[in-house]
Amino acid sequence: MGDLEASSTPITPRPNSMAHTPQSSAPITPRNMSMAPSPYITSAPHSQFHSPSLSRSPLLSTPDHPVPSKTPTAKTPSRTPNFISRNITPRFLTPLGSPLRKALHLTKLNPQDAWLPITESRNGNAYYAGFHTLCSGIGIQALVLPIAFTILGWAWGVILLTIAFVWQLYTLYLLVELHEDLDKGVRYSRYMQLAAATFGEKMSKLLALFPIGYLSMGTCVALVIIGGSTCKTFYQIVCGPTCTSQPLTPVEWYLVFTSVAVVLSQLPNLNSIAGVSLVGAITAVGYSTFIWTVSVSEGRIPGVAYNPVLTGSQIEKIFSILNAVGIIAFAFRGHNLILEIQATMPSDEKHPSRVPMWKGVRVSYTIIALCLFPLAIGGYWAYGQLIPPTNGGILTALYVLHGRDTARWLLGMISLLVIINALSSFQIYAMPMFDDLESTYTTRFKGPCPWWLRVILRAIFGYFCFFIGVAMPFVASFAGLIGGISLPVTLAYPCFMWLKIKKPKVYGPVWWLNWFLGILGICLSALLVAASLYVVIDTGVEYSFFKPT
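Reading the values: the criteria
Residues numbered from 1 in each chain as written. Predicted model: local features only at pLDDT ≥ 70, side-chain atom pairs only at ≥ 80, totals over all residues. Heavy atoms only, no water. Phe/Tyr/Trp six-rings, centres within 6.5 Å; stacked < 30°, edge-to-face > 60°. Helix = DSSP H or I, 4+ residues; strand = E, 2+ residues; numbered from the N terminus. Buried < 20%, exposed > 50% of the residue type's maximum accessible area, 1.4 Å probe, protein only. Salt bridge = Lys/Arg side-chain N within 4 Å of Asp/Glu carboxyl O. Contact = heavy atoms within 4.5 Å. Axes fitted to C-alpha atoms, helices over the stretch in contact; angles between N-to-C directions. Left-handed = near helix turned anticlockwise from the far one by under 90°. Nonpolar A, V, L, I, M, F, W, Y, C, P; charged D, E, K, R; others polar.

1. Observations regarding the packing of aromatic side chains
So, step 1. Enumeration over the complete set of coordinates arrives at 19 aromatic pairs.
So, step 2. Considering the side-chain rings of F165 and F332, the 6.0 Å spacing of their centres and the 65 degrees angle between planes classify their relative orientation as edge-to-face. Of this pair, F165 sits in helix α5 (residues 145-178) while F332 sits in the loop between α10 (314-330) and α11 (338-342), and the two are 167 residues apart along the sequence. Across this residue pair, the class does not change: F165 and F332 are buried.

So, in structure tokens, the structure goes:
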């Protein structure tokens with residue numbers, strides 16, 4: 001990246017320095033680039049250009065690294081030939097170099113980003129992006145999709161699931177395109193940075209900070225609950241009905257799961273967990289495929305019905321339908337990680353990161369669709385209204401309704417895959433929280449976080465999630481509420497971000513589409529949150545504080 005473009009016309013260097021020779025009126029012959037390299041250009045490695053880690057780039061003026069000013073020693077000509085200015089301009093300064101200084105006030109990028117987990121390494125590629133996206137896109141949220149079908153029925157269940165999938169894929173494309181602003185020379189490496197550039201610092205904290213934090217930490221808590229409970233189930237399956245050994249308590253299983261997750265969380269940055277995400281992606285595809293194929297192959301449960309479960313008054317029926325829509329929205333909640341995943345890739349104006357990122361996203365979401373739709377449709381076909389509305393969804397239905405008809409080794413394999421996937425998903429969903437915790441230290445002390453402090457911070461976060469999971473084991477019952485809260489991050493905010501940053505033609509098709517989807521997403525989010533709260537209060541949730549099962 002530090003190499004300069006060669007001129008298309010052979011150029012002969014001057015024998016004497018221009019600083020000591022009077023300038024004549026004859027046309028200027030530019031110097032050969034290889035004979036006069038600029039120390040400000042060639043001193044930085046490729047991965048540092050166009051990076052939010054501004055203090056690492058010698059091209060940018062920062063308090064610690066001022067750019068020296070050059071005092072001309074001779075009168076410059078009134079006009080420089082175009083071919084000269086084109087040849088002596090380093091390619092990495094156009095358009096991502098010089099305009100970056102003008103855009104700093106928009107993003108307020110942290111110069112300590114080089115020390116933070118998300119932007120510490122920028123060696124990612126399309127494969128890494130696919131691993132991360134697939135691991136975060138399939139997970140425990142897919143297991144509750146058949147519950148939405150019990151309320152919506154066949155037709156509306158399939159229609160709304162398809163609409164939600166297409167909608168979230170469109171907004172995901174917007175985020176991938178918005179990651180880099182070539183005109184301003186800015187990379188938005190975190191969702192909050194893009195939100196701040198769109199809504200302003202204060203408004204972005206009000207609108208996006210809580211949903212993003214809730215998605216990251218809330219998902220980690222749910223993973224502790226699901227992972228710990230599945231560990232208990234796995235032990236019971238392997239041990240068998242005649243087992244006489246004393247099993248661990250649910251709290252102890254939660255602790256075992258959390259301890260393993262904390263050990264894995266010591267991997268330093270987002271790029272370093274690509275292998276973990278690959279394992280998580282493989283296990284997610286594996287258990288999703290096993291669950292729906294076993295459920296369908298074993299046949300429908302006798303007496304299964306497909307009539308939507310809608311009881312009570314008209315308002316109760318409406319709220320039940322909205323809660324089901326929230327469950328579908330809950331299945332697509334990985335958008336808060338897309339910009340962070342793309343931030344791990346190198347980028348320049350000729351090879352922007354959006355190209356490999358979108359390539360990885362297309363492949364991963366094709367696989368996600370091949371997992372989610374059969375899981376939702378096949379699970380509902382097999383169990384119908386018998387799917388339990390809480391505590392694992394189709395996974396619990398498989399254990400309870402088909403447990404005796406299914407080989408024990410297969411049930412054990414499914415449980416083990418769920419546990420491994422939960423451990424892998426914990427790492428990628430916790431990474432934004434680790435990044436935020438370490439940014440507090442790097443901002444204050446102007447240096448990287450020591451390894452021992454990083455270990456302590458990540459252990460504290462992991463065991464705090466364990467404490468919340470033990471204190472409130474019923475969190476997994478709020479799938480509709482979580483979906484309603486996270487819906488703007490996934491379906492609404494990207495549309496407003498596109499309108500503000502890209503500025504499409506007013507009253508054009510793209511302008512109308514984004515305004516419509518953005519407003520619809522905000523209204524739908526408010527309705528889903530209200531409906532989910534009503535359903536939780538009306539149907540009742542067993543608030544068993546500090547009593548995990």
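2. With respect to the pattern of salt bridges
So, step 1. Throughout the structure, instances matching the rule amount to 6 salt bridges.
So, step 2. Where R354 meets E177, a salt bridge forms, and the shortest distance between an N and an O atom there is 3.6 Å. Here E177 lies in helix α5 and R354 lies in helix α12 (residues 354-383), a separation of 177 residues in the sequence.
So, step 3. You can call E177 buried: its relative accessible area is 17%.
So, step 4. Notably, a salt bridge pairs E438 with R458, separated by 3.1 Å at the nearest N-O pair. Placement of E438 in helix α14 (residues 408-445) and of R458 in helix α15 (residues 451-471) is noted, with a sequence separation of 20 residues between them. Across the pair, R458 and E438 agree in class, each one buried.

3. Quick look at the side chain of T171
So, step 1. Mapped onto the elements, T171 comes out in helix α5.
So, step 2. The residues touching T171, leaving out its near neighbours within four places in the chain, are H335, T490, L491, P494 and C495.

4. A closer look at the packing of helix α9 (residues 274-297) against α14
So, step 1. Two elements in contact, α9 and α14, have axes whose closest approach is 8 Å; the angle formed by their N-to-C orientations is 145 degrees. Relative to α14, the crossing made by α9 is left-handed. Taken together, the residues of α14 that come into contact with α9 (itself represented by V276, S277, V279, G280, T283, A284, G286, Y287, F290, I291 and V294) are L410, M413, I414, L417, V418, I420, N421, S424, Q427 and I428.
So, step 2. Partitioned by chemical class, the residues of the contact of α9 with α14 number 14 nonpolar, 7 polar and no charged.

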